[in-house]
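Analysis of the macromolecular model
Next come the chains, spelled out residue by residue.
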Amino acid sequence: MKYVIVILDGAAGHALAELGEQTSLESAGIPILDSMAREGIVGLAKTVPDSCEPSSSAACTSILGYDPLEDYIGRAAIEAAAAGITLSDDEIAMRINTVTLENSMMKSYACGHVTTAESAAMVHRLAAELNDDTFTFYPGVGYRHILVIKSHPELLELEYTPPHDISDKSIEGHLPRGNGAELLLDLMERAHEILAIDSTNEERIAAGKFPCTDIWPFWPGAAPRKMLQFEEKFGVSVALSSGVDLLFGLAEIFGLDRLLIEGVTDGPDNDYAKQAYKSLSALDEHDLVVIHIEAPDEMGHAGDAAGKVKALENIDRKVMSRILGYAINSGDVRVLAMPDHPTPVELKTHVNEPVPFIVWGAGIDSNGAFAYSERAAQATGLVLDPGKQVMDMLLGR
């Protein structure tokens, strides 16, 4: 048996007036996902426990069959693992976004989706001027970077607000707060002064683009403990493709092989067809492949309903069609398709609500769903809580 997991990041959401009181999943033309829903098992999965922040770190941990509480890893530590950063016991990692602040407002949590090359150039300059015995900057992908901090475990206990939670809102009351926050606030101020005179920013402003005015630290994490590897836990070998460091970090921690596919990105420019083709090719040497697609989440954060619908339609037409063809030709194949968490367009951030899933393929019988959507999943009455049970259902355990 071969297995395919498709994570439609942030695909779930709420009904919108501009979509005729439909959700993005209901509005999108996704005939293959709808067909799989009618032929397979559909339900809701609670991927994020009530006590966890509704981020992809907890949600994707659940989809991969691990417990986000028992197997907790701070998100920045996961992304640090993806970058090959090994944290010592007296170090913590923090995610930092390069952001655009204007009159104390979060104008863009991603500097208008700055390119990796531009953002990395700025982070290299920050590193040259601010790295010391306490702080070390590491450039990442796009607007996402890592800051490693030595000898300050108290920073794990501060209160943080992810910048995408306050898009187009005042940052007042949302800066790092608590005992020891002054260390980070001082670093943020020094970084602001450096970015204000950065040549890359001057070029972006001249081109009419958002400058990266500031850094925004959040999602701290300590060195992860040794985890039971996926193949040992479930008895199958896995490869994973994604355009974001978080998923590659989980792959590193859980022992999944990473697929580095040119053209796979974190946005709507993702090469969906190539990602599907190359990922399915990995089944020649693996039992299971995970295809993580970030675009629906990015469109949700941008408040772009049409863009989110288009991303879902691209996934159906360019990814699910190839998976269906592979399954027809190969025979013994099972597919799990689901978001990690909802990213409602009107909120521009994640919410802690169950997400709709499909398990389809060999040995799976229909449980009566009429389509693939939030409401169709709810109508089946099937709820998996905790959400990690989806892996057992897929593998028939």
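Note that the structure is a prediction, hence the values are computed from the model and not measured. (Residues numbered from 1 in each chain as written. Predicted model: local features only at pLDDT ≥ 70, side-chain atom pairs only at ≥ 80, totals over all residues. Heavy atoms only, no water.)

A closer look at the overall build of the protein
Note the cut-off: Each helix is a run of H or I in the DSSP string that is no shorter than four residues. Each strand is a run of E no shorter than two, and both are numbered from the N terminus. The globule rule used for comparison is 2.2 Å times the number of residues to the exponent 0.38, while the radius of gyration itself is calculated over C-alpha atoms. The contact criterion used is simple: two residues touch if any of their non-hydrogen atoms lie within 4.5 Å. Using a 1.4 Å probe, accessible areas were evaluated by the Shrake-Rupley method; residue-level cover was limited to the displayed protein chains. The charge count treats Lys and Arg as positive and Asp and Glu as negative. His and the chain ends do not count. Just so you know, the charge point we use is NZ for Lys, CZ for Arg, CG for Asp and CD for Glu.
A count of helices and strands for the protein gives 14 helices and 13 strands. Expected size for 397 residues packed as a compact globule is a radius of gyration near 21 Å; at 21 Å, the protein falls within 12% of this value. Dimensions along the principal axes, computed over C-alpha positions, put the protein at roughly 60 × 45 × 35 Å. Partitioning the contacts of the protein with sequence separation of at least 6, the portion at a separation of at least 24 is 74%. Carbon together with sulfur atoms contributes 49% to the accessible area of the protein, which is approximately 15500 Å² in total. In the protein, 30 positive and 60 negative side-chain charges are present, and the distance between their average locations comes to 5 Å.

A closer look at the pattern of salt bridges
Side-chain pairs of opposite charge can arise where the charged atoms are in close proximity. Under the convention used in this document: Basic side-chain nitrogens of Lys or Arg form a salt bridge, by our definition, when they fall within 4 Å of a carboxyl oxygen of Asp or Glu. Using a 1.4 Å probe on the protein chains alone, a residue whose accessible area is under 20% of its type maximum counts as buried, one over 50% counts as exposed, and one in between counts as partly exposed.
Taken as a whole and assessed by the stated rule, the structure comprises 17 salt bridges. Taking the shortest distance from any N to any O, the salt bridge between Asp266 and Arg144 comes out at 2.5 Å. Separated by 122 residues along the polypeptide, Asp266 in the loop between strand 9 (257–259) and helix 10 (272–281) and Arg144 in strand 6 (residues 144–150) bring together distant segments of the chain. Residue class for Asp266 comes out buried when judged on its relative accessible area of 15%.

Considerations on the packing of aromatic side chains
Put simply, the rule is: A pair of aromatic rings is counted whenever rings of Phe, Tyr or Trp (Trp by its six-membered ring) have centres within 6.5 Å, and the orientation is called stacked for planes under 30 degrees apart, edge-to-face for over 60 and tilted otherwise.
Per the counting criterion, the structure on display carries 5 aromatic pairs. A centroid spacing of 4.7 Å and a plane angle of 40° characterise the contact between Phe230 and Phe234, whose relative ring orientation is tilted. Here the residue Phe230 and the residue Phe234 both occupy positions in helix 8 (residues 230–234), the gap between them amounting to 4 residues, near one helical turn. One aromatic cluster is present, formed by Tyr66, Phe230, Phe234 and Phe254 through successive ring pairs.

Examining the side chain of Asn201
One can find Asn201 in helix 7 (residues 199–206). Not counting residues up to four positions away in its chain, the partners in contact with Asn201 are Met122, Leu195, Pro211 and Cys212.

Considerations on the state of the cysteines
Inclusion rule: Two cysteine sulfur atoms make up a disulfide if the distance between them is within 2.5 Å.
Considering all chains together, one arrives at 0 disulfides under this definition. A disulfide-free cysteine, Cys52 has its sulfur positioned 13 Å from the sulfur of Cys60, the nearest such atom. A relative accessible area of 14% means that Cys52 is categorised as buried.

Remarks on the nonpolar core
Rules: Put simply, a nonpolar core is a bunch of buried Ala, Val, Leu, Ile, Met, Phe, Trp, Tyr and Cys residues held in one set by side-chain atoms that sit within 4.5 Å of each other.
Of all hydrophobic cores here, the largest spans 97 residues; its most connected members are Val4, Leu288 and Met320. Among the elements that make up this core, the one with the highest residue count is helix 12 (residues 305–330) (10 residues). Non-local contacts of Leu288, meaning those with residues more than four positions away in its chain, are made with Tyr3, Ile5, Val236, Ser237, Val238, Ala239, Leu283, Met391, Leu394 and Leu395.

Some details on the packing of helix 10 against helix 12
Stated precisely, the cut-off is as follows: In this description, a line fitted to the C-alpha atoms serves as the axis of each element, helices being fitted only across the stretch in contact, and the angle between N-to-C directions of two axes falls anywhere from 0 to 180 degrees. Each angle is binned into one of four classes, with values under 35 degrees roughly parallel, values over 145 roughly antiparallel, values of 65 to 115 roughly perpendicular, and all other values oblique. With the far helix as reference, a near helix turned anticlockwise by less than a right angle produces a left-handed crossing, and one turned clockwise produces a right-handed crossing. Nonpolar residues are Ala, Val, Leu, Ile, Met, Phe, Trp, Tyr, Cys and Pro. Charged residues are Asp, Glu, Lys and Arg, and all others, Gly as well, are polar.
One can describe the packing of helix 10 onto helix 12 by two numbers: an axis separation of 9 Å at closest approach and a directional angle of 30°. Between helix 10 and helix 12, the interaxial angle falls into the category roughly parallel. For the pair helix 10 and helix 12, the crossing hand works out as right-handed. Contact residues: helix 10 offers Tyr272, Ala273, Ala276, Tyr277 and Leu280, while helix 12 offers Ala311, Asn314, Ile315, Lys318, Val319, Arg322, Ile323 and Tyr326. Classifying every residue of the contact of helix 10 with helix 12 gives 10 nonpolar, 1 polar and 2 charged.

Observations concerning the side chain of Thr161
Worth spelling out the cut-off: Polar contact is defined as a pair of N or O atoms within 3.5 Å, subject to the rule that within protein one atom must be able to donate a hydrogen and the other to accept it, and that residues adjacent in sequence are counted only when both atoms are side-chain atoms.
Tracing the backbone through its elements, the reader meets Thr161 in the loop between strand 6 and helix 6 (181–195). Separated by 3.3 Å, the side chains of Thr161 and His174 make a polar contact. In this structure, Thr161 is in contact with Ile166, His174, Arg177, Trp216 and Phe218, ignoring residues within four places of it in sequence.

Thoughts on the environment of Ala207
Its location among the elements puts Ala207 in the loop between helix 7 and strand 7 (214–222). A sequence separation of 194 residues divides Ala207 from Gly13, and the C-alpha atoms of the two residues are 34 Å apart.

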